[in-house]
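Structure assessment
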Amino acid sequence: MSQLDTRNQDKFVSTETIDGEIATLNLGPTHPATHGVFQNVMKVDGERIISSEPTIGYIHRAFEKLAERRPYNQITPITDRLNYCSSPINNMGWHMTVEKLAGIEVPKKVDYMRVIIMELARIADHLVCNSVIGVDTGALTGFTYVFQEREKIYEMYEEVCGARLTTNIGRIGGFEREFSPVFMVKLKKFLKEFPAKFQEFDNLLTRNRIFMDRVIKAGPISAEKAMSYGFTGPNLRAAGVDYDVRVMNPYSSYGDFDFIIPVGQDGDTYDRFIVRQEEIRQSLGIIRQALDGMPEGKHYADVPSFYLPPKEEVFRSMEALIYHFKIIMGETPIPAGEVYHAVEGANGELGYYLISDGGRTPYRLHFRRPCFIYYQAYPEMVKGAMLSDAILTMSSMNVIAGELDA
Amino acid sequence: MTAVNNESVLQMLKEEFTEAVMQSDTQYGMLSVEIPADRNTEIVGWLKSHSLINMGFLTDVCAVHYPEQKGRALVVVYHLHSWTKNFRMRIKCFLPAEKPEIATMTGLYNSANWMERETFDFYGVQFIGHPNLKRILNMDEMDYHPLLKQYALEDETRDDKVDSFFGR
């Protein structure tokens, strides 16, 4: 089987065509192989892609406009719906942005709790992405293995916040409640049982000759190109650049944990797969460290004007009632200013650019959505490749429609 | 070797471009510099190719609308990041609402392509020289730029969410 090296793609795109005509193919918007609402108008010569033009915005919901009319705590549910495969990371990125703007210091314990939840979210997100790469190559089995594990992560979210997919987890200033004993049992059980199941998944694909032949050199991108196209996250690291926000600009006490940033070499589908596999292992390590080193303290910061008082207090004390009313009505003391805060989302640098004029809602909120920025490299990555490689390239890039279209 | 931090970069910019550094401030640790809109590619290109600062990564492009500022109602904001020095900064270019035109950054960073299309889509900023400046998230038939402040999100007769109602 000959492998096509698309890095020298231009030589494959000649004016000579195989059957004398170029066809236009509409891939999407609701194609079962695209895992979301993506449309690509492709010019194909036989099975070879000559050009591709993505059309996006099918599920655009005007989040940035909505955010200009909502108090700060009501924006958290909007962030859920960006990258819905790992909503807790979005939620906490937003909480940290507001905390940065308002100058709120959260206790160390909150940082550690957040790290645990965020790394669980990263594992869930990577599991979806990697198992779907398997599905797109025709290997459905691995997908069924890890989706059971993802379900366990969702049960843990449920234990913390009551929701599974659009989590709205945590609050500005911390968590609404302590991790419950049930959560701790579930987490410890997960940490004990998951590695073996994950290894089983790994055995099915990572060194599988058929899988390797299929994904190696599919949709590659060089480090320079990746950087110029604004790649971040695992896709960038697969191209060989060790940029990770958790290390470059540590937030939420990430500096306390010992982990490595896996990097790839060719930036192809296989490298992206391998980088995510290793990141899952690193995330497990981070969770263990956070659990072992969990500091004593409160699960929320002492900021009564942002953090809702306990409900019993609201019925009993005047002060709590006032704070409760003010927070619910969006009457929180926010300074005027502008702040950019970035977190390492599961698919790249998720940034919040927030401008406040001191009013009850943001004056402007811009989401730096990683997959919106790197998806524009897609036409170049699939140019000259086979149609089936284009499907693989898209699923391995972890483009999430909700985040893409905001 | 000079350290790359807010003060030193601002100093270097002032030395190189003197009057073009119109305003600067540092909020929450990030340096923000205002430059003339017609010199954006020149100054960002200099920051990118500078051997010490090396702003190789364009993190974000977006716009903000301040309707009450006459002659400078729109601002295009660039977030730059130097990965070698781990240094972030913000560049702002103010534009008049009547003629929101600015040169494209696509020659410097490929990633500017869609981010500028998004900015055009929502604010109507014309990026001169952009290879494919058309709407990206909204439908092509739309005849206004929805994130401009004159377009209310909800029924304008509603007053239950007005700031003044809350004593601000």
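Only a predicted model underlies this, so the values are computations on that prediction, with no experimental measurement involved.

**As for the sheet that holds strand β3 (residues 57-65) of chain B**
Residues and elements named next belong to chain B. Taken in spatial order, the five strands line up as β1-β2-β5-β4-β3 in an open sheet, and their pairing is mixed. Looking along the sheet, the strands with just one partner apiece sit at the ends: β1 (23-27) and β3. On average, each strand axis in the sheet is tilted by 20° relative to the strand beside it, whichever way the strands run. Those strands touched by helix α1 (residues 6-17) are β1, β2 (30-34) and β5 (87-95), and its axis lies near 20° from that of β2.

**A short note on the domain arrangement of chain A**
Residues and elements named next belong to chain A. We note that the domain assignment places domain 1 (6-55) and domain 2 (63-405) within chain A. Placing the centre of domain 1 and that of domain 2 at their C-alpha centroids yields a distance of 32 Å. The interface is formed by 21 residues belonging to domain 1 together with 26 residues belonging to domain 2. Taken together, the two surfaces of domain 1 and domain 2 that pack against each other cover about 2100 Å², and 64% of this comes from carbon and sulfur. Counting the contacts that link domain 1 with domain 2 gives zero salt bridges. At the surface where domain 1 touches domain 2, the tally comes to four residue pairs in polar contact (both at pLDDT 80 or more). When contributions to the side of domain 1 that touches domain 2 are tallied by element, the ones reaching two or more residues are β1 (23-27), β2 (39-45) and β3 (48-55). If you tally residues by element for the side of domain 1 that touches domain 2, the top one is β3, at five residues. Residues that form the side of domain 1 that touches domain 2 fall into these classes: 11 nonpolar, six polar and four charged.

**A closer look at the pattern of salt bridges**
Residue and element names in this part refer to chain A. For the coordinates displayed, the defined rule picks out 37 salt bridges over all chains. Here E119 makes a salt bridge to R246, at a shortest N to O gap of 3.3 Å. With E119 in helix α4 (residues 108-136) and R246 in helix α10 (residues 245-248), this pair connects stretches of sequence that are 127 residues apart. A relative accessible area of 0% means that E119 is categorised as buried. According to the relative accessible area criterion, R246 is buried, its value standing at 5%. E151 is paired through a salt bridge with R164; the nearest N and O atoms lie 3.0 Å apart. With E151 in helix α5 (residues 141-161) and R164 in the loop between α5 and α6 (181-205), this pair connects stretches of sequence that are 13 residues apart.

**A few points about the pairing of β5 of chain B**
Residues and elements named next belong to chain B. The buried fraction of β5 amounts to nine of the nine residues, a majority that puts the element mostly inside the structure. Residues F87, M89, I91, C93 and L95 line one face of β5 and the alternating positions R88, R90, K92 and F94 line the opposite face, and both faces are buried. Judged from the four bridges that link them, β2 and β5 form a sheet pairing that is parallel. Along β5, the bridge assignment pairs L31 with M89. Where strand β4 (residues 74-82) lies against β5, nine bridges are found, and the strand directions are antiparallel. Opposite L80, over in β5, you have M89 as the bridge partner. Between β4 and the antiparallel strand that follows it, β5, lie four residues; N86 among them carries a positive phi value of about 50°.

Criteria and thresholds
- Residues numbered from 1 in each chain as written.
- Chains lettered and ligands numbered in written order.
- Predicted model: local features only at pLDDT ≥ 70, side-chain atom pairs only at ≥ 80, totals over all residues.
- Heavy atoms only, no water.
- Pairing = 2+ DSSP bridges.
- Helix = DSSP H or I, 4+ residues; strand = E, 2+ residues; numbered from the N terminus.
- Axes fitted to C-alpha atoms, helices over the stretch in contact; angles between N-to-C directions.
- Contact = heavy atoms within 4.5 Å.
- Domains from an automatic or database assignment.
- Buried area = accessible area lost by both parts, 1.4 Å probe.
- Salt bridge = Lys/Arg side-chain N within 4 Å of Asp/Glu carboxyl O.
- Polar contact = N/O pair within 3.5 Å; in protein donor to acceptor, adjacent residues only side chain to side chain.
- Nonpolar A, V, L, I, M, F, W, Y, C, P; charged D, E, K, R; others polar.
- Buried < 20%, exposed > 50% of the residue type's maximum accessible area, 1.4 Å probe, protein only.

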